[in-house]
Amino acid sequence: MPGSPLLTNIMRNDPGRSLESVRRIRAARARRKRFRAGAIDAFQVAIGVLSAGFGLKGFLLHNGFIDGGVTGISLLTEHVTGLSLSLLIVALNIPFIILAWRQIGGVFSVRSIIAITLLAVLLALVPFPAITNDKILVAVFGGFFLGAGIGMSIRGGAVLDGTEVLAIYLNRRSNLSVGDFILVFNICIFAVAAWLLSVETALYSVLTYLAASKTIDFVLEGIDEFTGVTIISVRSRQISEMITELGRGLTIYQGKRGVGKSGEQANTTDIIFTVVSRLELNQLKTKVSEIDRNAFIVMHPVKETHGGMVKKKPLKKIKGA
């Protein structure tokens, strides 16, 4: 980095070695960055394993409930056969880890093996207390802690349940989406649970699955979900200025008005596109309505954003608003 005092001194004192010194410094910084990122990932996986173990032993196991995915199959098998849940979780996830090795990569697979093994050891050795026997609380909070554990592990670059790996693999070879496959997969699990256990247990297990899946979404995406907003208005200039004053970036397209009863119009119109968080969406709609009540607004969820002005600045309040 040319502006660094250390690099400037190196270049002045020993010009012949300056390039090599710069490379060594950059390599050292890269190693520190990788170590820091690895430590954060390991911490997230550890928290995920603890949370999943607490959800399983503190809530679900004591009440005979199951979840979806490989964890649900393991719980169902353990309930019917009496085999060790720890061994079942490891054994049933092995095929999915092998698939992940081929489809995603070795680092991800190794992390997943370690995470699943830690979860199995935790279930076998740590005596979590039974928190409650209330079935609704067991279903909701058991699913919450299990989902939080799975979500944190995914954030750390590993999985505790191999269902999504199989779903991604089949999605590349069929017309089923990942979400469709997981839904069908879990419907089959809960149908078997209703047959082997009871319809009531299966219904409570569905509630557990819903709580877990929503928690996973929350952990991975957070409360600050983003929405893409497209605005078409005759007062596009004023709306653009308003969005800029709010501290948001925008893109303006040139388009033609629709082919309705009056036919395609020759004059062009500005089409505004911007991205705001879910918490900021209502304020944006209110400001647009104040400028043009007849503005046409289309909103759609945005999974993730990079760069721009979305995460760098909070939404500002316009003076006099």
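Before reading on, note that the structure itself is shown above.
Residues numbered from 1 in each chain as written. Predicted model: local features only at pLDDT ≥ 70, side-chain atom pairs only at ≥ 80, totals over all residues. Heavy atoms only, no water.

(A) Representation of the pairing of strand 3 (residues 268-277) in the model. Taken together, the seven bridges between strand 1 (residues 226-232) and strand 3 define a ladder with antiparallel strand orientation. Bridging across to strand 3, I231 finds its partner in I272. When strand 2 (residues 251-256) meets strand 3, the two strands line up antiparallel, connected through six bridges. Looking at the pairing, Y253 lines up with I271 of strand 3. (Pairing = 2+ DSSP bridges. Helix = DSSP H or I, 4+ residues; strand = E, 2+ residues; numbered from the N terminus.)

(B) Representation of a nonpolar patch on the surface. Nonpolar side chains collect at one region of the surface, where I136, L137, V140, F141 and F144 lie side by side and expose about 400 Å² of accessible area between them. Note that L137 resides in helix 6 (residues 135-155). The class for L137 is partly exposed, based on a relative accessible area of 38%. (Patch = residues over 30% accessible without salt bridge, like charges linked within 9 Å, V, L, I, M, F, W, Y side chains within 5 Å. Areas by Shrake-Rupley, 256 points an atom, 1.4 Å probe, with all protein chains shown as cover. Salt bridge = Lys/Arg side-chain N within 4 Å of Asp/Glu carboxyl O. Buried < 20%, exposed > 50% of the residue type's maximum accessible area, 1.4 Å probe, protein only.)

(C) Here's a closer look at helix 3 (residues 69-81). Given a rise of 1.5 Å per residue, 13 residues ought to cover 18 Å, and the 18 Å separating the end C-alpha atoms of helix 3 matches this to within 8%. Inspection of helix 3 places G69, V70, T71, G72, S74, L75 and L76 among the buried residues, and these make up the whole buried set. Just beyond helix 3, the residue with positive phi is G82, at close to 85 degrees. (Expected span 1.5 Å × (residues − 1).)

(D) Seen up close, the nonpolar core. With 41 residues, the main nonpolar core has V49, L56, L60, I66, I89, L119 and L160 as its most contacted residues. Residue assignment for this core shows that the elements contributing at least two residues are helix 2 (18-63), helix 3, helix 4 (85-103), helix 5 (106-125), helix 6, helix 7 (163-171), helix 8 (178-196) and helix 9 (199-221). (Core = buried A, V, L, I, M, F, W, Y, C linked by side-chain atoms within 4.5 Å.)

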